[in-house]
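Structural description and commentary
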Amino acid sequence: MELLRYCTNLPKVELHAHLNGSLSDATVLGLLKTRTQRDADPSLAAAEVTIKKGHQRTLEECFQVFGILHSLTDTLEAVQTITRDVIREFAADNVRYLELRTTPKHVPDRMTKKQYMDAVLQATVEAMVSHNIRVRLLLSIDRARGVEDAWSTLHLAKDYLNHTVFGPLVCGLDVSGNPVCGDLQDYLPVLQAARSCGLKLAVHLAEVPSETEALAVLNSGLVDRIGHGTFLHPASGGSQALHTLLKDQNIPLELCMSSNVKTGTVKTPSEHHLGLWRKENHPLVICTDDKGVFSTSLSEEFVLCAQVRPIRGQTFSFCEEDLHSLSLSGVEAAFLSPTDKQTLRREVQQELDALKGKLASR
Ligand SMILES: CNc1ncnc2c1ncn2[C@@H]1O[C@H](COP(=O)(O)O)[C@@H](O)[C@H]1O
Ligand SMILES: [Zn+2]
């Protein structure tokens, strides 16, 4: 069986996907159409938001693209549409469990942060009824927006915990945003408060070199999962101290190969830190980050990782069993209760068993 088809058929778990970065071309075109009817703004019609295969766009340029996408999703109707579309697309890629993250937005005269999140959550409930997928939400703190904004996002997340319908869907907080803006150390009190009320924490860390900040965050002992962690391993620009802290706490890494290679923080797939951590059997999960902006899918990320040519003693070369364990490591790192995790593990394992042996003719 051809590798992409095999990876598409695998039941998968996606733990690192930003809602507005995950919009497909079809969704963006639909939004542009609505917007052109409303505003007749030709500059938006020319906006190219995806980075096709082989192309690059610096992180800085990516953040300009997020600005364009946000200007297209500034109504509650658009927010519901994108949530439904993104969940449907992940389900079509055989993602069985999705943790979607998004930054609650206040748009003057249009929506409050609560209305934005209500729209995302309502659309999520509806999409789960229509598709074979479980979804949980992380509220994102944008490190470029300051600590006040982060506190208000935490309060919003806390309020949801008592909500009968939406409460069970909100599982934690994400910290993301332009990594050269702000200092994560300033956000530690917010993260401490989040942990005390039972919210899980996924933090973008060392997406660019940032030793002091990464040391402080890892020393806090607050982080449940790390996004990217590109400059943590001593062989990829990190340090022994960072390595020790990560290993001691056994914190799973959310790895997003296309995102890192296309933004140039990692030069080539062969040099990706995935190989270094895999060699040490460190828990890791393959993720898309922004499947729309980086024109990828979780299945394509699996293929990319499986096809990497190893260098510097790194361990890539995935066999069928390795691909299965990638799906299962997603289950283990999920922010689910032990009972829900057990159910998901059983379901994913059953599907994997049914697929066994089919890669033989690859
Ligand atoms: C490429 N690497 C990245 N590094 C850091 N933050 C990123 C990111 N990719 C996306 N985001 C964060 O997610 C937001 C878009 O989705 P939402 O509006 O929240 O749904 C971006 O504005 C940024 O804050
Ligand atoms: Zn991310």
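Look above for the structure.
Residues numbered from 1 in each chain as written. Chains lettered and ligands numbered in written order. Predicted model: local features only at pLDDT ≥ 70, side-chain atom pairs only at ≥ 80, totals over all residues. Heavy atoms only, no water.

**A closer look at the overall build of the protein chain**
The helix and strand tally for the protein chain stands at 15 helices and eight strands. For 362 residues, the compact-globule estimate of 2.2 N^0.38 gives 21 Å, and the C-alpha radius of gyration of the protein chain, at 19 Å, lies within 12% of that figure. Projected onto its principal axes, the C-alpha coordinates of the protein chain cover approximately 55 × 45 × 40 Å. Counting only residues that meet the buried cut, the protein chain has 57% of its 362 residues in that class. Of the contacts formed within the protein chain by residues at least 6 apart in sequence, a portion of 77% connects residues at least 24 apart. Entry remark: accessible area of the protein chain is about 14600 Å², with carbon and sulfur atoms responsible for 53%. For the protein chain, the centre of its 38 positive side-chain charges and the centre of its 44 negative side-chain charges are spaced 4 Å apart. (Helix = DSSP H or I, 4+ residues; strand = E, 2+ residues; numbered from the N terminus. Rg over C-alpha atoms; globule rule 2.2 N^0.38 Å. Buried < 20%, exposed > 50% of the residue type's maximum accessible area, 1.4 Å probe, protein only. Contact = heavy atoms within 4.5 Å. Areas by Shrake-Rupley, 256 points an atom, 1.4 Å probe, with all protein chains shown as cover. Lys, Arg positive; Asp, Glu negative; His and termini not counted. Charge placed at Lys NZ, Arg CZ, Asp CG, Glu CD.)

**Comments concerning the site of ligand 1**
What surrounds ligand 1 is a group of 18 residues, the closest being His70, Thr102, Thr103, Lys105 and Asp290. Separating a nitrogen atom of ligand 1 from a side-chain N or O atom of Asp289 is a distance of 3.3 Å. Coverage of ligand 1 by the protein chains reaches 98% of its 520 Å² of free accessible surface. For the shell around ligand 1, the element with the highest residue contribution is helix H4 (residues 59-72), accounting for four residues. A class-by-class count of the residues in the shell around ligand 1 yields five nonpolar, nine polar and four charged. (Near = heavy atom within 4 Å. Polar contact = N/O pair within 3.5 Å; in protein donor to acceptor, adjacent residues only side chain to side chain. Nonpolar A, V, L, I, M, F, W, Y, C, P; charged D, E, K, R; others polar.)

**Looking at the pattern of salt bridges**
Taken as a whole and assessed by the stated rule, the structure comprises 22 salt bridges. Close ionic contact of Arg101 with Asp174 constitutes a salt bridge, the shortest N to O distance being 2.7 Å. Residue Arg101 is located in strand S2 (residues 95-102), and its partner Asp174 is located in strand S4 (residues 170-176); the two are separated by 73 residues in the primary sequence. When sorted by exposure, Arg101 lands in the same class as Asp174, which is buried. In this structure, the salt-bridge partner of Arg101 is Glu254, at a minimum N-O distance of 3.2 Å. Separated by 153 residues along the polypeptide, Arg101 in strand S2 and Glu254 in strand S7 (residues 253-255) bring together distant segments of the chain. When sorted by exposure, Arg101 lands in the same class as Glu254, which is buried. Counted as one network, the salt bridges with shared partners bring together Glu99, Arg101, Asp174, Arg225 and Glu254. (Salt bridge = Lys/Arg side-chain N within 4 Å of Asp/Glu carboxyl O.)

**Section: the coordination of the zinc ion (ligand 2)**
Donor atoms from the polypeptide that bind the zinc ion (ligand 2) are His16 (NE2), His18 (NE2), His204 (NE2) and Asp289 (OD), placed at 2.1 Å. Coordination at the zinc ion (ligand 2) is irregular: its four donor atoms span angles of 83 to 166° at the metal. Between consecutive donor residues of the zinc ion (ligand 2), the sequence gaps follow H-x1-H-x185-H-x84-D. Highlighted residues: His16 in strand S1 (residues 12-18) and His204 in strand S5 (residues 200-205), separated in sequence by 188 residues. No difference in accessibility class separates His16 from His204, as the two residues are buried. (Donors = N, O, S within 2.8 Å, 3.2 Å for Na, K, Ca; no water. Tetrahedral: all angles 85-135°; square planar, octahedral: opposite > 155°, others 65-115°.)

**Some words on the pairing of S5**
Summarising burial for S5: five of the six residues are buried, a large majority. As paired elements, S4 and S5 share four bridges and run parallel to each other. Opposite Asp174, over in S5, you have Ala202 as the bridge partner. As for the winding sense of the linkage, the β-α-β connection from S4 through helix H8 (residues 188-196) to S5 is right-handed. (Pairing = 2+ DSSP bridges. Right-handed = clockwise from strand over helix to strand, strands pointing away.)

**Quick notes on the packing of aromatic side chains**
Centre distance and the angle of the planes are the two values used to describe a pair of aromatic rings. The tally for this structure, following the rule as stated, stands at two aromatic pairs. Taken together, a centroid distance of 6.3 Å and an interplanar angle of 65° make the contact between Tyr160 and Phe166 edge-to-face. For the residue pair Tyr160 and Phe166, the accessibility class agrees, reading buried in each case. Against the face of Phe335 rests Arg225, its NZ or CZ located 3.8 Å from the ring centre. (Phe/Tyr/Trp six-rings, centres within 6.5 Å; stacked < 30°, edge-to-face > 60°. Lys NZ or Arg CZ within 6 Å of the ring centre and 35° of its normal.)

**A look at the packing of helix H14 (residues 320-333) against helix H15 (residues 338-355)**
Between H14 and H15, the shortest axis-to-axis distance is 9 Å and the interhelical angle comes to 165°. Here H14 lies roughly antiparallel to H15, going by the angle between them. For the pair H14 and H15, the sense of crossing is right-handed. Every residue of H15 that contacts H14 at Glu320, His324, Ser327, Leu328, Val331 and Glu332 is listed here: Lys341, Leu344, Arg345, Val348, Gln349, Leu352 and Leu355. Considered class by class, the residues forming the contact of H14 with H15 number six nonpolar, three polar and four charged. (Axes fitted to C-alpha atoms, helices over the stretch in contact; angles between N-to-C directions. Parallel < 35°, antiparallel > 145°, perpendicular 65-115°, else oblique. Left-handed = near helix turned anticlockwise from the far one by under 90°.)

**Focus on empty space enclosed by the protein**
Enumeration according to the criterion identifies one cavity of 30 Å³ or more in this entry. When its volume is computed, the largest cavity comes out at roughly 40 Å³. What lines the largest cavity is Arg143, Pro179, His204, Leu205, Ala206, Glu207, Val208, Ser210 and Glu213. The class makeup of the residues in the lining of the largest cavity is four nonpolar, two polar and three charged. (1 Å grid on protein atoms, 1.4 Å probe; cavity = no way out; pocket = protein on both sides within 12 Å on 5 of 7 lines; lining within 4 Å. Points joined across faces, edges and corners; volume = space filled by probe spheres on them.)

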